[in-house]
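Remarks on the overall topology
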Amino acid sequence: MKRAIFPGSFDPLTLGHYDIIKRGVTLFDEIIVAIGVNGSKKYMFSLEERKTFIEDAFKDEPKIKVVTYEGLTVDFCKKNGVEFILRGLRNPADFEFEKAIAHTNRDLAPIETVFLLTAASTSYIASSIVRDVIRNNGDYTKLVPDSVRVN
C-alpha cells in the first residue's frame, strides 16, 4: 500500500492545499494530512479548528486521514510506515525551499518527496494571505474550501 503524508500547519486549509490533496489521492492508496504542532508558532486557528476544517472538507473521501503530530516529519513517517511525503509547489521559491527539505529528509530516512505543481487558479493562494484577508474583514471564502468558516 502506497501511503503519503501531506504535512503542514494548515492555518487555514486553502484551495491550494485542497487541490494538492485531491490530486494526490489519485496517486496514493492513502493520504495522511498531518497537522504539525509547533509550540513557538502563533496560529490564527486552534489545532482542533484546523483539524475540523480538513476533516469536513474530505468527509466523503475514505482514502484521506487527518492527524496531528510533533517533531520531525521523517520520524512520523518512520514510526507510521509512510514512504512518501507529498508537497505542493506554487513557484520557484517554493521549489528551492522544498528541495532543501527533501534532500535533508532523504539523508535522515528512506523517504521520497513527491512534488505536485499547484493549479494555475490556486498558485497565488497562501495561508498567510488568507489570514491577512480574514484579519482585515475581506472575502476569504474565494480562497478556502467551504469547510473553512470564521465565526
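Looking at an unreviewed UniProt entry, one finds the protein chain named Phosphopantetheine adenylyltransferase and attributed to Flavivirga aquatica. Regarding the protein chain, the UniProt comment filed under Pathway (unreviewed entry) reads as follows: "Cofactor biosynthesis; coenzyme A biosynthesis; CoA from (R)-pantothenate: step 4/5." Note on the protein chain: under the UniProt heading Subunit (unreviewed entry), the record states "Homohexamer."

1. Considering unusual backbone geometry
Residue Pro12 follows Asp11 across a cis peptide bond; omega there is 0°. Positionally, Pro12 belongs in the loop between β1 (3-8) and α1 (15-24). Here Phe10, not a glycine, exhibits a phi torsion of approximately 50°, which is positive. In this fold, Phe10 is placed in the loop between β1 and α1. Residue classification places Phe10 among the buried positions, given a relative accessible area of 2%. Even without being a glycine, Asn137 presents a positive backbone phi close to 60°. As for its position among the elements, Asn137 is in the segment after α5 (127-135). What makes Asn137 exposed here is its relative accessible area of 72%.

2. Some remarks on the UniProt feature "binding site: substrate" (unreviewed entry) in the protein chain
Mapped onto this structure's residue numbering, the UniProt feature "binding site: substrate" (unreviewed entry) falls at Ser9, Lys41, Thr73 and Arg87. Assignment of secondary structure puts Lys41 in the loop between β2 (30-36) and α2 (47-57). Owing to a relative accessible area of 42%, Lys41 belongs among the partly exposed residues under this scheme. On the secondary structure map, Arg87 appears in strand β4 (residues 84-89). Engagement of the side chain of Arg87 in a polar contact is seen with the backbone oxygen of Pro7, the distance being 2.5 Å.

Quick notes on the rules
Residues numbered from 1 in each chain as written. Predicted model: local features only at pLDDT ≥ 70, side-chain atom pairs only at ≥ 80, totals over all residues. Heavy atoms only, no water. UniProt positions renumbered as here; feature names shortened; annotations may be inferred. Helix = DSSP H or I, 4+ residues; strand = E, 2+ residues; numbered from the N terminus. Buried < 20%, exposed > 50% of the residue type's maximum accessible area, 1.4 Å probe, protein only. Polar contact = N/O pair within 3.5 Å; in protein donor to acceptor, adjacent residues only side chain to side chain.

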